[in-house]
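Spelled out, the chains give:
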Amino acid sequence: MAKIYPVILAGGSGTRLWPLSRKSYPKQFSALMDQTSLFQRSVRRLTADGFAAPLILTASDFRFIVTEQLADIAVEPFDILIEPEGRNTGPAILAAALHLQAHDPEAAMLVAPSDHIIPDSKAFLAAVTAGMAAVADGQLVTFGIRPDRPETGYGYLELAAEAQGEGAQPLVRFVEKPDQSTAEQMLQSGNFLWNAGIFLMRVRDLVEAFDRHAPQLVAPARAAVRNAQPDLNFRRLAAEPWGELDDISIDYAVMERADNLSVVPYNGVWSDLGAWDAVWEASGTDAKGVSTKGPALAIDCENTLLRAEDHGQQLVGLGLKNIVAIAMPDAVLVADISAAQEVKEVVTQLKQAEVAQAQTFPRDHRPWGWFESLVVGDRFQVKRIVVHPGAALSLQSHVHRAEHWIVVKGTARVTIDEEVKLISENQSVYIPLGAVHRMENPGKVPMVLIEVQTGSYLGEDDIIRYEDAYARQ
């Protein structure tokens with residue numbers, strides 16, 4: 001049997017879960033359901049006997065988040081491909097297939113989004129095993145979820161007859177998201193499944209399908225893979241040929257045109273967590289339909305989701321019905337559950353108004369750790385900075401600001417021009433404007449410091465880098 005390589009798609013930036021999910025830190029990297037992120041849950045689900053190490057596709061902005069979260073769950077990837085820009089699932093999956101084909105021509109690939117939840121991993125892996133029999137016959141296999149309601153937010157898969165058993169079955173066609181009446185008819189017929197966007201096939205069969213049905217994508221994708229450049233532990237797909245690719249989904253490019261399609265019905269729990277109403281349903285509720293997370297208190301509420309994402313907050317819902325309330329340190333969403341799918345429009349309007357919270361997360365993740373602004377005023381800013389053990393910021397200087405560093409946890413090794421010294425807890429150091437400096441954590445625990453910036457301009461682009469372990473410009 002061909003070795004199965006999990007291909008995890010982790011480059012999207014969902015907006016329907018705003019304010020928790022934003023362009024700078026999308027939902028797949030958030031701990032929505034427990035202490036692990038959706039991305040980590042997806043990787044763990046596919047770390048099992050019979051699977052090779054995962055191949056990750058992501059965007060440049062997320063590459064260090066990916067490596068940090070993989071390290072946290074002790075998973076070493078087969079490779080991490082960096083997409084120069086988003087081109088939808090068609091080019092991404094084709095690039096993954098071409099990359100794997102060069103390594104193992106007989107490989108099979110299991111393509112999965114990184115932001116879905118499938119609580120029963122054993123049942124899902126059993127469905128994958130059932131699908132491999134069809135893969136061995138050259139089929140392109142997708143997975144369908146048995147619907148339990150007339151859902152209008154999902155695409156559907158039509159079977160030739162009502163789904164029977166657990167094995168792969170012929171797939172008639174893909175169906176776009178229906179209206180309510182059509183969804184009710186499809187639910188009653190019994191031969192429609194939700195399209196989970198998960199695929200299983202041999203890489204050579206998928207490449208042949210692209211050659212036949214979307215040949216315009218193959219040459220630039222091959223060039224992007226062939227000319228990919230190593231970058232630390234990543235592989236950057238070549239930008240010029242990648243830019244020639246159409247922005248097209250795998251469904252439109254290949255699946256809706258191919259005639260060697262099969263579908264494996266999956267009976268277990270599944271959700272794409274596509275909106276806050278889906279999170280509410282997946283979170284588990286009390287007898288009144290109330291779900292809370294963090295320091296949130298519900299009093300006389302019904303069918304309500306309350307989430308306080310910062311432990312310095314206290315969120316209280318009083319007499320609420322059918323409400324979603326999400327409190328972040330810098331933004332709050334209050335909406336009727338029935339309007340959950342419309343949150344994307346909220347983000348659009350905030351972007352048009354140039355509101356920073358539309359896309360930017362309050363905590364800025366970097367390869368060495370993270371920082372967040374605590375106070376911003378006229379000519380000053382106060383930040384909390386956390387540096388991972390053994391990590392170091394770039395050797396840099398600033399044109400417009402000076403900095404004061406106060407270590408509150410751990411020990412910092414500080415470089416200021418020609419001087420290098422250790423700064424321990426409760427000690428501080430001053431970085432004059434223009435001084436060449438670096439901060440490092442030589443210890444084995446995270447180092448935390450408070451940074452006070454003063455100057456005429458405090459933007460993150462006021463940095464001149466001289467040396468950087470992460471090859472940033």
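Everything numeric in this text was worked out from a predicted model, so none of it was measured. (Residues numbered from 1 in each chain as written. Predicted model: local features only at pLDDT ≥ 70, side-chain atom pairs only at ≥ 80, totals over all residues. Heavy atoms only, no water.)

### Points about the side chain of K27
What counts is decided by this rule: A run of H or I in DSSP becomes a helix once it reaches four residues, and a run of E becomes a strand once it reaches two; helices and strands are each numbered from the N terminus. Buried residues are those whose accessible area, probed at 1.4 Å on protein chains only, stays under 20% of the maximum for their type, while exposed residues exceed 50% and partly exposed ones sit between those limits. In protein, a polar contact means a hydrogen-donor-capable atom and an acceptor-capable atom, both N or O and within 3.5 Å, with residues adjacent in sequence counting only if both atoms are side-chain atoms; elsewhere, any N or O pair within 3.5 Å suffices. In what follows, residue pairs with any heavy atoms lying within 4.5 Å of each other are defined as contacts.
Summarising the element assignment, K27 is placed in the loop between β1 (4-9) and α1 (38-45). With relative accessibility at 9%, the residue K27 sits in the buried group. There is a polar contact of 2.8 Å between the side chain of K27 and the backbone oxygen of L273. Apart from the residues within four sequence positions on either side, K27 is in contact with L17, S21, L32, L38, D115, D272, L273 and G274.

### Topic: the sheet that holds strand β27 (residues 447-455)
Note the threshold: For two strands to be treated as a pair, DSSP must find no fewer than two bridges joining them. Each axis is a line fitted through C-alpha atoms, and for a helix only the stretch in contact is used; angles between axes span 0 to 180 degrees, taken between their N-to-C directions.
Here we have 6 strands laid out as an open sheet, ordered β18-β19-β20-β27-β22-β25, and antiparallel in their pairing. Two strands bound the open sheet, and with one partner strand each, they are β18 (363-366) and β25 (428-431). Within the sheet, the average angular offset between the axes of one strand and its neighbour, ignoring direction, is 20°. Inspection of the sheet shows strand β22 (residues 401-409) paired to β27 by 8 bridges, in the antiparallel sense. By the bridge assignment, V407 is partnered in β27 with L449.

### Quick notes on the pattern of salt bridges
Filter applied, for reference: Whenever Lys or Arg places a side-chain nitrogen within 4 Å of a carboxyl oxygen from Asp or Glu, that contact is recorded as a salt bridge.
This structure, assessed with the given rule, holds 22 salt bridges. Taking the shortest distance from any N to any O, the salt bridge between R22 and D330 comes out at 2.8 Å. Linking R22 in the loop between β1 and α1 with D330 in the loop between β16 (323-327) and β17 (332-336), this pair joins segments that are 308 residues apart in sequence. Relative accessible area serves as the criterion here: at 1%, R22 is assigned to the buried category. Note that E460 is salt-bridged to R366, the shortest N-O span being 3.8 Å. Taken together, the residues span a long stretch of sequence, with E460 in the loop between β27 and β28 (464-467) and R366 in strand β18 at a distance of 94 residues. Since its relative accessible area comes to 30%, E460 is described here as partly exposed.

### Let's talk about the pairing of strand β19 (residues 369-377)
Bridge count between β18 and β19: 4 bridges; the pairing is antiparallel. Residue pairing across strands places H365 opposite W370, the latter belonging to β19. Adjacent in sequence and paired antiparallel, β18 and β19 are bridged by 2 residues. With antiparallel pairing between neighbouring strands as the criterion, β19 and strand β20 (residues 380-387) make up a hairpin whose turn holds 2 residues, including R379 at a positive phi of roughly 70°.

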